Amino acid sequence: MPRRIQLCAFTIAFVLFAATRSYAAASAPETSAVGVHGMVVSESADAARAGVEILKQGGNAVDAAVATALAVGVTNPASCGIGGGGFMLIYMAKAHAFYALDYRETAPLQARPDMYLRNGKPDEDLARDGILGVGVPGEIAGIDAALRRFGTMKFQQIAAPAEKLAGDGYTASPHLAKEIAMLAPKIKNDPGLSQVFLKPDGSAPNTGDTIVAKNLAATLKSLGDDPVTNFYHGEVARALVEFTKTHGGLISSADLAEYRPDWRNPIRHRYEGYEVYAMPPPSSGGIVLEMLGALDSGHLAGLGVNSPPYLARLIEVMRQGFIDRERYADPAFVGVDIEKLLNDANIQQLRERALHPKTSPAPAAAAHDHGTSNLLVVDKDGNVVALTTTINTVFGAKMSVPALGVILNDEMDDFAVAPGVPNAYRLEGERANEVRAGKRPLSSMTPIIVTRNGVPVLTTGGSGGPTIVSGVLQVALNILAFHLDATAAVAEPRIHEQAAPDVVIVEQKMPTPTRSALEQMDYKLKVVPELGAVGAITIAPANLRGAADPRKGGGAVGY
Ligand code: DON
């Protein structure tokens, strides 16, 4: 039977099926919360508490977001930290305005498109593990820029919770303990990582063990209230450059001195009466908007959440979105025509293509990884921050500067190591995204804020490489199209499709009949325990409902 006709048959069967399903939330209480005045959702409960502490001290959403980012950089050190970079999408209620801050890492000035070729062959490991994978960190410059423009507090006040967590110690979450155990052999090889993350006998800590990072606490303290001067021009810069030189890396004092975060124009598109705001390139925000646009007026509610006909529609939209993503890159180097991507004709074409199956070769396993961290903040004045920060893969370049406690990112792996060569997330490299000195690599990180009648009603974002794009899309649709609350929306099983490899990744808790139905439609499925983590906050007057993703743990804290 042709796939389109099958879709119709399954539509009828599964509308009935969906109507009988229960979507009750099954997450631990700490990952869900309600709030009256403000809320922080983070992939670390300690960091969410740090953010709320700042809100209670009178800080606004920007103060709390950067405090949470610094704290999660301590407690989720495998995912993010001041050796990385990120994106911050900000809504300031008084001005009714959105701002997009890009403080992603950049390629060092000595970087070259062929730097990962050895004897004419691409060696992708060079971009992933070790000093050549490191991009110039943007985290501190981004935090400082946001704080100076919209914050109300000084750096040391917002850094205090992170300094305390690092200096006094924090308990290893199940997720962190698992990641340390998984990477123990690589951690052992790096003196900076092993001195903090392994026990004196060389074994990995257990869940609940205390981890202390005195060196990181001291570094944060040493940044004072002028963190950019100290990090990019002062003692920290000197230590970073010396470490890089000793290990044969490229980052120089000029790279650090010249690093600047970029305030960019947020992009937006409508979905069913909502206006969705996202980060522009080099984020993949435009892809989420394109996919949502293609599903606009799609009567999804009638199909039923996670019904096979809905998932088939999603798969086709995701596939085309990821094909379009190949044209994306740093806009300072490559023209990315977002207006064309989001114009009505393009979206209409995508909508129609999404109803047709496609064939493409090469099924393969897609990589799963757990670096990166998303956090969301809403304050009492209605300001909203959606922030995603990363050191790329787990423990980044697998190197920490012992004198600083700063874990170095491996963000260079987000560039195309060579055309057609897949990176850690099996995303294939395209020329647009090739390495250039001073360029920022393409990113899947895509925090979004959704408004109705000009007022934010939802913010969401996630971690998990390319599954961020598909995860944010599905959680947003679970709330906007299927009217689930934040906890249920985040808990629903998800799928991921990224065009190549030609395989739909499905979480194992997706019901078996649904999986069988997709297989009968000729989709090749790869079942995985779980995909990336997505958090969400729904926003109504005095009624904030937030959920961190139980897949990774973390916390939602309201007050
Ligand atoms: O910016 C990106 O797309 C990647 N560096 C994100 C990496 C990531 O999410 C790791 N996984 N959880």
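Presented here is an overview of the structure given in this document.

Cut-offs used in this document
- Residues numbered from 1 in each chain as written.
- Predicted model: local features only at pLDDT ≥ 70, side-chain atom pairs only at ≥ 80, totals over all residues.
- Heavy atoms only, no water.
- Helix = DSSP H or I, 4+ residues; strand = E, 2+ residues; numbered from the N terminus.
- Expected span 1.5 Å × (residues − 1).
- Buried < 20%, exposed > 50% of the residue type's maximum accessible area, 1.4 Å probe, protein only.
- Near = heavy atom within 4 Å.
- Polar contact = N/O pair within 3.5 Å; in protein donor to acceptor, adjacent residues only side chain to side chain.
- Areas by Shrake-Rupley, 256 points an atom, 1.4 Å probe, with all protein chains shown as cover.
- Pairing = 2+ DSSP bridges.
- Axes fitted to C-alpha atoms, helices over the stretch in contact; angles between N-to-C directions.
- Contact = heavy atoms within 4.5 Å.
- Parallel < 35°, antiparallel > 145°, perpendicular 65-115°, else oblique.
- Left-handed = near helix turned anticlockwise from the far one by under 90°.
- Nonpolar A, V, L, I, M, F, W, Y, C, P; charged D, E, K, R; others polar.
- Phe/Tyr/Trp six-rings, centres within 6.5 Å; stacked < 30°, edge-to-face > 60°.
- Lys NZ or Arg CZ within 6 Å of the ring centre and 35° of its normal.

## Overview of helix H5 (residues 139-150)
- For H5, built from 12 residues, the straight-helix expectation of 16 Å at 1.5 Å per residue is met to within 8% by its first-to-last C-alpha distance of 16 Å.
- Where burial is concerned, most of H5 is hidden: 10 out of the 12 residues are buried.
- Residues of H5 that are buried include every one of Glu139, Ile140, Ala141, Gly142, Ile143, Asp144, Ala145, Ala146, Leu147 and Phe150, and no others.

## What to know about the site of the ligand
- Not every one of the 16 residues close to the ligand is listed here, only the nearest: Gly371, Thr372, Asp414, Ser443 and Gly465.
- Between threonine 372 and the ligand, the recorded distance is 2.6 Å, taken from a side-chain N or O atom to an oxygen atom.
- Separating an oxygen atom of the ligand from a backbone N or O atom of serine 444 is a distance of 2.6 Å.
- Bound to the protein, the ligand loses 99% of the 340 Å² it would expose on its own.

## So, the sheet that holds strand S2 (residues 39-42)
- What the 7 strands build is an open sheet, ordered S9-S4-S3-S13-S12-S2-S23; its pairing is antiparallel. Each edge of the sheet is formed by a strand with only one pairing partner; in this case those strands are strand S9 (262-264) and strand S23 (555-558). The average angle at which neighbouring strand axes cross in this sheet is 10°, direction not considered.
- The pairing of strand S3 (residues 85-92) with strand S13 (residues 384-390) spans 7 bridges and is classified as antiparallel. Within S13, the position partnered with isoleucine 90 by the bridge is valine 385.
- Seen against the sheet, H5 touches S3, strand S4 (97-103), S9 and S13 and runs at an angle of roughly 155° to S4.

## Quick notes on the packing of helix H15 (residues 308-325) against helix H20 (residues 512-520)
- At their nearest, the axes of H15 and H20 sit 10 Å apart, and the two run at 55° to each other. As the angle between them shows, H15 and H20 are arranged oblique. Crossing of H15 against H20: the hand is right-handed. Here Pro308, Leu311, Ala312 and Ile315 of H15 lie close against H20, whose contacting residues are Thr514, Ala517 and Leu518.
- In the contact of H15 with H20, the residues fall into 6 nonpolar, 1 polar and no charged.

## Some thoughts on the packing of aromatic side chains
- The tally for this structure, following the rule as stated, stands at 8 aromatic pairs.
- On the basis of an interplanar angle of 5° and a centroid distance of 3.6 Å, the ring pair of phenylalanine 98 and tyrosine 277 is categorised as stacked. Here the residue phenylalanine 98 occupies a position in strand S4, and tyrosine 277 occupies one in strand S11 (residues 274-278), the gap between them amounting to 179 residues.
- On the basis of relative accessible area, tyrosine 277 is assigned to the buried category, the value being 13%.
- These aromatic residues form a ring-pair network of at least three members: Tyr91, Phe98 and Tyr277.
- One Lys or Arg, arginine 149, reaches over the ring of tryptophan 263 and ends 4.6 Å from the middle of that ring.
- Above the ring of tyrosine 274, the side-chain terminus of arginine 452 is found at 4.4 Å from the ring centroid.

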